[in-house]
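# Examining the three-dimensional arrangement
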Amino acid sequence: MNRKKSREQAFILIFERSFSHDPVASIVDAAETSEEVHIEEFAEKLAQGAEDHEEELDEVIRKYIRGWTMNRLSRVSLALLRLAVYELKYEQDIPVSVTINEAVNLAKKYGGAEDAPFINGVLGSAAGEAGRKDA
């Protein structure tokens with residue numbers, strides 16, 4: 001599986017967690033109980049990292065959602081922002097442009113019409129804070 005698909009799996013894990021509030025490890029275990037589902041190592045690493053740093057990631061997100069509050073964000077947007085901000089801060093080998101582009105594409109696939117441009121703007125600002133300017 002490529003990183004694009006793994007990133008989508010990571011998003012789904014983070015999104016699922018927004019409903020169940022279960023640890024990522026428990027969600028992965030439940031998913032893999034089915035013989036039809038295999039969670040990629042990279043996906044689990046990203047989702048676990050987002051869980052481990054959730055408070056920190058949420059603080060970064062709060063700074064850049066001008067005019068919004070966290071509880072007004074859709075679960076899709078919040079999950080994508082947590083995933084992407086985690087990547088920006090902790091996955092230095094992934095170019096900023098890839099992180100932002102993948103998050104925007106997932107927003108187009110899973111979110112509403114407003115999600116993709118909103119996520120693009122928030123992540124553009126967050127990339128600067130993370131000291132990542134290669135976008």
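Refer to the preceding data block for the structure.
Predicted, not measured: the structure shown is a model, and the values here were computed from it.

## Focus: the layout of surface pockets
Of the voids in this model, the largest pocket is the one considered here, and its volume is about 210 Å³. Along the wall of the largest pocket there are 13 residues; nearest its centre are Arg17, Ser18, His21, Leu78 and Arg82. Of all the secondary structure elements, the ones that give two or more residues to the lining of the largest pocket are helix H1 (3–20), helix H3 (41–52) and helix H5 (75–90). Here the residues of the lining of the largest pocket sort into six nonpolar, two polar and five charged.

## Looking at the packing of aromatic side chains
Tallying each qualifying case throughout the model produces five aromatic pairs. Taken together, a centroid distance of 5.1 Å and an interplanar angle of 45° make the contact between Phe11 and Tyr110 tilted. On the criterion of sequence distance, the pair formed by Phe11 in helix H1 and Tyr110 in helix H6 (residues 96–110) is long-range, its members being 99 residues apart. Of the residues examined, Tyr110 reaches a relative accessible area of 33% and is grouped as partly exposed. Plain terms: the ring middles of Trp68 and Phe118 are 5.4 Å apart, the flat faces sit at 50° to each other, and that makes the pair tilted. Taken as a pair, Trp68 in the loop between helix H4 (54–64) and H5 and Phe118 in helix H7 (residues 115–129) lie far apart in primary sequence, 50 residues in all. Sitting over the face of the ring of Trp68, Arg72 holds its NZ or CZ atom 4.1 Å from the ring centroid.

## Some thoughts on a negative patch on the surface
Among the surface-exposed residues, Asp29, Glu32, Glu41 and Glu44 lie close enough to one another that they form a single negatively charged patch. Of note, Asp29 is situated in helix H2 (residues 24–33). Classification of Asp29 as exposed rests on a relative accessible area of 52%.

## Some details on the side chain of Arg17
Assignment of secondary structure puts Arg17 in helix H1. For Arg17, the contacting residues outside a window of four places in its chain are Asp22, Pro23, Val24, Ile27, Glu51 and Glu54.

## Here's the deal with H6
If you check H6, its first and last C-alpha atoms are 21 Å apart, about what 15 residues at 1.5 Å a residue would give, namely 21 Å. On its buried side, H6 packs onto H1, H5 and H7.

## As for H2
For H2, the set of buried residues is Val24, Ile27, Val28 and Ala31. One side of H2 holds all its buried residues, which, seen down the axis, span an arc of 100°. Of the residues in H2, the exposed ones pointing more than 90 degrees away from the buried face are Asp29, Ala30 and Thr33. In this structure, the buried residues of H2 make contact with H1 and H3.

## A short note on the pattern of salt bridges
The tally for this structure, following the rule as stated, stands at ten salt bridges. Glu54 is paired through a salt bridge with Arg17; the nearest N and O atoms lie 2.6 Å apart. Here the residue Glu54 occupies a position in helix H4, and Arg17 occupies one in helix H1, the gap between them amounting to 37 residues. With relative accessibility at 21%, the residue Glu54 sits in the partly exposed group.

Parameters and conventions
- Residues numbered from 1 in each chain as written.
- Predicted model: local features only at pLDDT ≥ 70, side-chain atom pairs only at ≥ 80, totals over all residues.
- Heavy atoms only, no water.
- 1 Å grid on protein atoms, 1.4 Å probe; cavity = no way out; pocket = protein on both sides within 12 Å on 5 of 7 lines; lining within 4 Å.
- Points joined across faces, edges and corners; volume = space filled by probe spheres on them.
- Helix = DSSP H or I, 4+ residues; strand = E, 2+ residues; numbered from the N terminus.
- Nonpolar A, V, L, I, M, F, W, Y, C, P; charged D, E, K, R; others polar.
- Phe/Tyr/Trp six-rings, centres within 6.5 Å; stacked < 30°, edge-to-face > 60°.
- Buried < 20%, exposed > 50% of the residue type's maximum accessible area, 1.4 Å probe, protein only.
- Lys NZ or Arg CZ within 6 Å of the ring centre and 35° of its normal.
- Patch = residues over 30% accessible without salt bridge, like charges linked within 9 Å, V, L, I, M, F, W, Y side chains within 5 Å.
- Areas by Shrake-Rupley, 256 points an atom, 1.4 Å probe, with all protein chains shown as cover.
- Salt bridge = Lys/Arg side-chain N within 4 Å of Asp/Glu carboxyl O.
- Lys, Arg positive; Asp, Glu negative; His and termini not counted.
- Charge placed at Lys NZ, Arg CZ, Asp CG, Glu CD.
- Contact = heavy atoms within 4.5 Å.
- Expected span 1.5 Å × (residues − 1).
- Arc of directions from axis to C-beta.

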